[in-house]
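# Remarks on the overall topology
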Amino acid sequence: MLALRPARVRGGAANLADALGARRAFRQAPTNLDEAYDFVADFEYGQLRTRPFQIRQEMLQFLARLAEDPPRSIIELGTAYGGTLFLLACIAMPDATIVTIDMPAGPFGGGYPRTHAPLYKSFARDKQRIRLIRSDSHSPDTLKAVRETVGTTVDLLFIDADHTYEGVRSDFETYSPLVCSGGLIAFHDIVDGPPEAVGGVPRFWKELRERMPGEEIVADWSQGGYGIGLIRKDAHTLPTGTGTRGNADSTHG
Ligand SMILES: C[S@@+](CC[C@H](N)C(=O)[O-])C[C@H]1O[C@@H](n2cnc3c(N)ncnc32)[C@H](O)[C@@H]1O
């Protein structure tokens, strides 16, 4: 199983020189999704490492789904070692805006050093724009900064930050109203597993599924954690942002 839990990742001592060297190396990154996954999962430059904290098969299936109708605006909660950020940039529209939030030393992964920023921003390709926000997703200032970047409507919300029950619920309640009608809300770690890894996400996901239709991308229900839950937003299930899919102008603030 090609997956790593945050606690097993090292590399916090990376300096700016490592980040700049890594940025040069990433210019050669493959664009094919399978190869891109392996590239970002195995990447090391000096003390700097990148990693998705995902199961390869699940993430590739999720990305393939997204690639059918690529998002033009994305909010990612939980940047960590840049793995999912890089992959989301690979499948997003060439002019996409991506906001990714992580809190320094946050639980369930530990955030990332400020020196990683030049590398993460360089994941933007063509006319994409990546904004890194290093703060608590639950803070009103963070929501304000997100709104300043994406306006009132996004196509994809990926929730993979504070895994406590209250934390994931708060992230859902705070950011899901920004998702447009037809947009997607994705949760990572919906499968029951070690509490220190999945927190209250499986419980929150089960409750949500009782209220609305969803889809589960799970390699094996006995794998202990991981798994991606997807909800397609529509006006009948949840209050939506002001736009609909394909309404590009409304996605930029
Ligand atoms: C599981 S990791 C994210 C993994 C990443 N999505 C990937 O697979 O490449 C979770 C991250 O969420 C961050 N986090 C936890 N609580 C947070 C909060 N309240 N606000 C912002 N980030 C938070 C942690 O610092 C950690 O780096």
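Reference entry: report on the structure contained in this document. Remember, predicted model here, so these are calculated numbers, not experimental data.

On to the sheet that holds strand E8 (residues 215-217), then. Strand order in the open sheet formed by seven strands is E5-E4-E3-E6-E7-E9-E8, and the pairing between neighbours is mixed. Two strands in the sheet have a free side with no partner beyond their single neighbour: strand E5 (129-133) and E8. Strand-to-strand twist in this sheet, taken as the mean axis angle between neighbours without regard to direction, amounts to 15°. Direction of pairing for strand E4 (residues 97-101) relative to E5: parallel, over a ladder of five bridges. Pairing of Ile98 across the sheet is with Ile130, part of E5.

The subject of this paragraph is unusual backbone geometry. With phi around 65°, Phe108 is a residue other than glycine that occupies positive phi space. Following the sequence through the fold, Phe108 ends up in the loop between E4 and helix H5 (117-121). With a phi close to 75°, Asp189 is a non-glycine residue in the positive phi region. Structurally, Asp189 can be placed in the loop between strand E7 (179-188) and helix H8 (195-198).

The subject of this paragraph is the site of the ligand. Taken together, the neighbourhood of the ligand is formed by 25 residues, with Gly78, Gly83, Gly106, Gly109 and Asp162 sitting nearest. Looking at the shell around the ligand residue by residue, the class counts come to ten nonpolar, eleven polar and four charged.

Right, let's get into the packing of helix H2 (residues 33-42) against helix H4 (residues 83-91). Two numbers describe how H2 lies on H4: the axes approach to 10 Å, and their chain directions differ by 155°. The pairing of H2 with H4 is recorded here as roughly antiparallel in orientation. Note on packing geometry: the crossing formed by H2 with H4 is right-handed. Contacts between H2 and H4 involve Leu33, Ala36, Tyr37, Val40 and Ala41 on the former and, on the latter, Gly83, Phe86, Leu87 and Cys90. Grouping the constituent residues of the contact of H2 with H4 by class yields eight nonpolar, one polar and no charged.

Looking now at helix H3 (residues 56-67). Along its twelve residues, H3 runs 16 Å from first to last C-alpha, staying within 8% of the 16 Å computed at 1.5 Å per residue. Within the sequence span of H3, burial applies to Glu58, Met59, Phe62 and Leu66. Burial along H3 is one-sided: seen end-on, the buried residues are contained in an arc of 95°. Considering only its buried residues, H3 is in contact with H2, H4, strand E6 (154-159), E7, E8 and strand E9 (228-232).

Below, the discussion takes up the environment of Asp162. Looking at the element boundaries, Asp162 is found in the loop between E6 and helix H7 (165-175). Linking Asp162 and Ser137, residues 25 residues apart in sequence, is a C-alpha distance of 8.3 Å. Residues in contact with Asp162, not counting those within four places in the same chain, are Pro107, Phe108, Ser137, Gly167, Val168 and Asp171.

Most of E7 sits out of view: nine of its ten residues are buried. Pairing of E6 with E7 involves five bridges; the strand directions are parallel. Residue Ile159 lies in a different strand from E7, and its bridge partner there is Phe187. Between the parallel pair E6 and E7, the chain is carried across by H7, and the sense of this crossover is right-handed.

Moving on: the environment of Trp205. As for its placement among the helices and strands, Trp205 is situated in helix H9 (residues 201-211). Dropping the residues within four chain positions of it, Trp205 is found in contact with Phe187, Ile190 and Gly229.

Along the chain, the position of Ala117 falls in helix H5. Accessibility expressed as a C-beta count within 10 Å gives 16 for Ala117, which makes it partly exposed. As a C-alpha pair, Ala117 and Gly82 span 35 residues in sequence and 9.7 Å in three-dimensional space.

This brings us to the pairing of E9. Bridge count between E7 and E9: five bridges; the pairing is antiparallel. Opposite Ala186, over in E9, you have Leu230 as the bridge partner. In this sheet, E9 lies alongside E8 in antiparallel orientation, the contact comprising three bridges. By the bridge assignment for E9, Ile217 is matched with Ile228.

Quick notes on the rules
- Residues numbered from 1 in each chain as written.
- Predicted model: local features only at pLDDT ≥ 70, side-chain atom pairs only at ≥ 80, totals over all residues.
- Pairing = 2+ DSSP bridges.
- Helix = DSSP H or I, 4+ residues; strand = E, 2+ residues; numbered from the N terminus.
- Axes fitted to C-alpha atoms, helices over the stretch in contact; angles between N-to-C directions.
- Near = placed C-beta within 6 Å.
- Nonpolar A, V, L, I, M, F, W, Y, C, P; charged D, E, K, R; others polar.
- Parallel < 35°, antiparallel > 145°, perpendicular 65-115°, else oblique.
- Left-handed = near helix turned anticlockwise from the far one by under 90°.
- Contact = placed C-beta atoms within 7 Å.
- Expected span 1.5 Å × (residues − 1).
- Buried ≥ 20, exposed ≤ 12 C-beta atoms within 10 Å, placed from the backbone.
- Arc of directions from axis to C-beta.
- Right-handed = clockwise from strand over helix to strand, strands pointing away.

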